[in-house]
Amino acid sequence: MKTLGIVFGNLHDSDLGELTSIRSIASIPFGGRFRLIDFVLSNMVNSGITKVGVITKNNYQSLMDHVGSGKHWDLSRKNGGLIMLPPYNDGDTSLYRSRFEAIKNIMPFISTSDEEYVVMSDCDSVCNINLADVVQRHIDNHADITIVTRKKELVNKKSRTVIETDKDGRVINVVNTDKARGENTVFTNILVMNRKFLLHILENATELNYNSFSGDVLVRGAKDYRIFTYMQNGYFANIDSIANYYKHSLELLDKDIRDELFYSDGANIYTKVRDSAPCKIGNDAIISNSLIADGCVIEGEVRNSILFRGVKVAKGTKITNSIVFQDTEIGQNSVLNCVIADKRVTVLEGRMLSGHETHPYYIAKHAVI
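Asker: Would you mind going over empty space enclosed by the protein with me for this structure?
Answerer: Any empty space left between the atoms is revealed when a probe the size of a water molecule rolls over them. A full pass over the atoms with the stated rule returns three cavities of 30 Å³ or more. Here the largest cavity defines a volume of roughly 120 Å³. As for the largest cavity, its lining consists of 14 residues, and the residues nearest its centre are Arg33, Arg35, Arg274, Arg309 and Gln326. Here the residues of the lining of the largest cavity sort into four nonpolar, four polar and six charged. Approximately 60 Å³ is the volume attributed to the second largest cavity. Lining the second largest cavity, in full, are Phe39, Val40, Asn43, Ser121, Ser125, Cys127, Ile129, Leu131 and Ile190. Elements with a minimum of two residues in the lining of the second largest cavity: α1 (36-46) and β7 (125-127). No other element matches the three residues that α1 contributes to the lining of the second largest cavity. Its residues placed into classes, the lining of the second largest cavity shows six nonpolar, three polar and no charged.

Here you go:
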């Protein structure tokens, strides 16, 4: 089955605050050596999707540097492969504001493709999913749209797309609400559509009065279209706030979660390869329950933390429950607890920095503390 992949590189940027002030959500570092887009691209490649368009909007220089030609995901090809879709508009003064507007802007790309099916995914979803199974379910159900869903305990007022289905998994009601509580079936921002059906919706958007994908196509289309669900039962992390980014990052310290996410049934998660020296650990260093990337130099104490490549931790320093990005240097006798330190941060000697697990303390890129 020939399938086209479409990745939204900038949707939900506003949810991540400082983390996306200089980068897109797609290029946010995660898990010691990965970026969020790695999970989407790996899922597509592992599922046999070899033509992937990445829709960008702004702050995408680091994303382009990371994905390059796509060779690290086997997407550097003469036909298909990885295609960057930079922002443009059709005469309006603003760039796209929603998933639906973003798709409309790449209609020429979709219409000139010859794949029968389209898989679309945002970059806020961290999971290891076989998208070929989703496409096959879509085919078996003769569906117009198949949306990937999961069970989630809703406890706050954040808006979610809540799905109600019949016994066969066909969607009978879709609601965008911030009032749902308890366990609900929610949309994961991953879906499959027939390419010609998608083009029909885009070409007739004005006549249909469609402006939003979830608000119009799914909510109103539940009665008119054959929309089915595919339940994702494996590990799934929705990166929709800095607090959740922090929470789900530290979940990777659990080996069972790590193995399920990165090595599920032999479907690995790929990323850009960098050749670095091995981690150097001093004689007096203490490391406990932490992920330490290559190129790090550890002479202090690191507990329950994630350190990206090239981090230097001086003697007498204690780092606990923290996430430290690439090439950050922590001076002697400093203390970091519940901290997210962005790339190339310098923390001078004797500093004490602490946040809380529900509100981690964030240090901006290149900052000197």
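So, next bit.
Asker: When you look at the sheet that holds strand β24 (residues 323-324) in this model, what are you seeing that I'm missing?
Answerer: In sheet architecture, strand pairing relies on hydrogen bonds along the backbone and comes in two forms, parallel and antiparallel. Taken together, the five strands give an open sheet; going across it, the order is β18-β21-β24-β27-β30, and neighbouring strands pair in parallel fashion. On the outer flanks of this sheet lie β18 (291-292) and β30 (361-363), each paired with one strand and no other. Judged from the two bridges that link them, β18 and strand β21 (residues 306-307) form a sheet pairing that is parallel. If you follow Leu291 over to β21, its bridge partner there is Ile306.

Asker: What is the right way to look at the side chain of Arg150 in this model?
Answerer: One can find Arg150 in strand β8 (residues 145-154). As a buried residue without a salt bridge, Arg150 has its nearest oppositely charged side chain in Asp240, at a separation of 6.5 Å. If near-sequence neighbours (up to four positions away) are discounted, Arg150 is found in contact with Asn184, Thr185, Val186, Thr188, Met231, Gln232, Phe236 and Asn238.

Asker: Explain the state of the cysteines to me, please; I cannot follow it from the model alone.
Answerer: All chains considered together, the criterion is met by zero disulfides. The thiol of Cys296 is unpaired, and the distance to the nearest cysteine sulfur, on Cys279, comes to 5.3 Å. Taking the relative accessible area as the measure of exposure, Cys296 reaches 0% and is therefore buried. The thiol of Cys338 is unpaired, and the distance to the nearest cysteine sulfur, on Cys296, comes to 20 Å. For Cys338, a relative accessible area of 8% gives the class buried.

Asker: Explanation requested: the environment of Asp140 in the structure shown.
Answerer: For Asp140, the position within the fold is in helix α5 (residues 131-140). The class for Asp140 is partly exposed, based on a relative accessible area of 49%. C-alpha of Asp140 to C-alpha of Val297: the two residues are 157 residues apart in sequence and 53 Å apart in space.

Asker: When you look at the pairing of strand β12 (residues 227-231) in this model, what are you seeing that I'm missing?
Answerer: Successive residues of a regular strand alternate their side chains across the two faces of the sheet. Here β12 lies mainly inside the structure; four of its five residues are buried. In terms of strand pairing, β8 meets β12 through five bridges, oriented parallel. Each bridged residue has a counterpart across the sheet, and for Thr146 the counterpart in β12 is Phe228.

Asker: Teacher, can you tell me more about the layout of surface pockets here?
Answerer: Approximately 640 Å³ is the volume attributed to the largest pocket. Around the largest pocket, the lining comprises 30 residues; the ones closest to its centre are His12, Asp15, Arg99, Asp124 and Asn189. Listed by contribution, the elements that provide at least two residues to the lining of the largest pocket are α3 (99-105), β9 (160-165), β11 (182-194), α8 (213-218) and β13 (236-238). Counted by class, the lining of the largest pocket contains seven nonpolar, 13 polar and ten charged residues.

Asker: Please explain the side chain of His138 as it appears in this structure.
Answerer: Structurally, His138 is set in helix α5. Each residue touching His138, except ones within four places of it in the same chain, is listed here: Tyr117, Ala143, Asp144, Ile145, Thr146, Val192, Met193 and Asn194.

Asker: Help me understand the packing of aromatic side chains in this model?
Answerer: Two aromatic rings are characterised by how far apart their centres lie and by the angle between their planes. In total, this model carries ten aromatic pairs according to the counting rule given. Ring plane angle 40° and centroid distance 6.1 Å describe the contact between Phe34 and Phe39, whose orientation is recorded as tilted. With respect to burial, Phe34 and Phe39 carry one shared label: buried. Judged by centre distance (6.5 Å) and plane angle (80°), the rings of Tyr245 and Phe325 are edge-to-face.

How each quantity is defined
- Residues numbered from 1 in each chain as written.
- Predicted model: local features only at pLDDT ≥ 70, side-chain atom pairs only at ≥ 80, totals over all residues.
- Heavy atoms only, no water.
- 1 Å grid on protein atoms, 1.4 Å probe; cavity = no way out; pocket = protein on both sides within 12 Å on 5 of 7 lines; lining within 4 Å.
- Points joined across faces, edges and corners; volume = space filled by probe spheres on them.
- Nonpolar A, V, L, I, M, F, W, Y, C, P; charged D, E, K, R; others polar.
- Helix = DSSP H or I, 4+ residues; strand = E, 2+ residues; numbered from the N terminus.
- Pairing = 2+ DSSP bridges.
- Buried < 20%, exposed > 50% of the residue type's maximum accessible area, 1.4 Å probe, protein only.
- Lys, Arg positive; Asp, Glu negative; His and termini not counted.
- Salt bridge = Lys/Arg side-chain N within 4 Å of Asp/Glu carboxyl O.
- Contact = heavy atoms within 4.5 Å.
- Disulfide = S-S within 2.5 Å.
- Phe/Tyr/Trp six-rings, centres within 6.5 Å; stacked < 30°, edge-to-face > 60°.

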